Amino acid sequence: MTQALTEETATPAKEPKQDLSHDWIVAAEIHIDPRTAKRAFLRHSYIIPKGKRIHALEVYCKNCRRPYDDVADKVCSAKVNNEHLIGGDQSVRAKRKIPTPPPGARPAAAPAIDRRGSDRPYRL
Ligand SMILES: [Zn+2]
């Protein structure tokens, strides 16, 4: 007996599992001689000699910019959403406190601010 596949019996198509792992990078420090430093400055690159040990200053994620020891066991927050860039979940964050002016204070007019600078005469 064959049973026709209905929407209830059919297995839903599996979505490809999203990779939420971190993209680890290391900030390195390499001591070089003055001649090599000049060459590396001019070429914006440096070829590391084979077998040279590099002192790792920090290991962190390229995407979320968080250090390894803080988020090694968590998913990459940059791949989930970018809440880490704005200080976390906006719905649970405390509202900004607006300071109350002292009693008897009145707002005073401030001078106009030239924000673009295009109206100024050119000076040397
Ligand atoms: Zn990450």
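Quantities reported herein were computed from a predicted structural model and do not represent experimental measurements. Note that residues are indexed from 1 along each chain, following the sequence as it is written. Where local features are concerned, this predicted model is filtered to residues with pLDDT of at least 70; where side-chain atom pairs are given and counted, the filter is 80 or more; whole-chain, interface and lining totals use all residues.

S.K.: What am I meant to see in the overall build of the chain here?
M.R.: What the chain contains, in helices and strands, is three helices and two strands. Along the chain, from the amino end to the carboxyl end, the secondary structure elements read β-α-β-α-α. In the chain, which comprises 124 residues, the proportion classed as buried is 4%. By the criterion used throughout, residues are in contact when their C-beta atoms, derived from the backbone, lie within 7 Å. Here the analysis covers contacts within the chain between residues at least 6 apart in sequence; of these, 52% occur between residues at least 24 apart. Starting at the N terminus, helices and strands are each numbered in turn, a helix being any DSSP run of H or I of at least four residues and a strand any DSSP run of E of at least two. To sort residues by exposure, count the other C-beta atoms lying within 10 Å of each residue's C-beta; 20 or more gives buried, 12 or fewer gives exposed, and values between give partly exposed, all with C-beta atoms placed from the backbone.

S.K.: Could you clarify how one ought to interpret the pairing of strand β1 (residues 24-29) in this entry?
M.R.: If a strand is regular, its side chains alternate between the two faces of the sheet. Burial within β1 is sparse, with just zero of its six residues counted as buried. In this structure, β1 lies alongside strand β2 (residues 55-61), joined through six bridges in antiparallel fashion. Within β2, the position partnered with Ile-25 by the bridge is Tyr-60. Pairs of strands are assigned from DSSP output, requiring at least two bridges between the strands.

S.K.: When you look at unusual backbone geometry in this model, what are you seeing that I'm missing?
M.R.: Note: most peptide bonds trans; most residues except glycine with negative phi. At His-44, a residue that is not glycine, the phi angle is positive and equals roughly 60°. Position of His-44 among the secondary structure elements: in the loop between α1 (34-43) and β2. Looking at His-44, the number of C-beta atoms within 10 Å reads 6, which means it is exposed. If you check the backbone angles, Arg-65 has positive phi at about 60° while not being a glycine. Relative to the helices and strands, Arg-65 is located in the loop between β2 and α2 (68-71).

S.K.: For this particular structure, what's the right way to read the environment of Cys-61?
M.R.: By the element assignment, Cys-61 lies in strand β2. A sequence separation of 38 residues divides Cys-61 from Asp-23, and the C-alpha atoms of the two residues are 5.2 Å apart. Not counting residues within four places of it along the chain, the set of residues in contact with Cys-61 comprises His-22, Asp-23, Trp-24, Arg-66, Val-71 and Cys-76.

S.K.: What am I meant to see in the confidence of the model for the chain here?
M.R.: The predicted coordinates should not be examined in detail at positions where pLDDT is low. As a per-residue measure, pLDDT reflects the predictor's confidence and takes values from 0 up to 100. Mean pLDDT over the chain: 83, with 83% of residues reaching 70 or higher. Within the chain, the lowest mean pLDDT, 88, falls on helix α3 (residues 77-80), and the highest, 95, falls on α1. Predicted confidence for residues 1-7 stays below pLDDT 50, and this span has two contacts to residues more than four positions away or in other chains.

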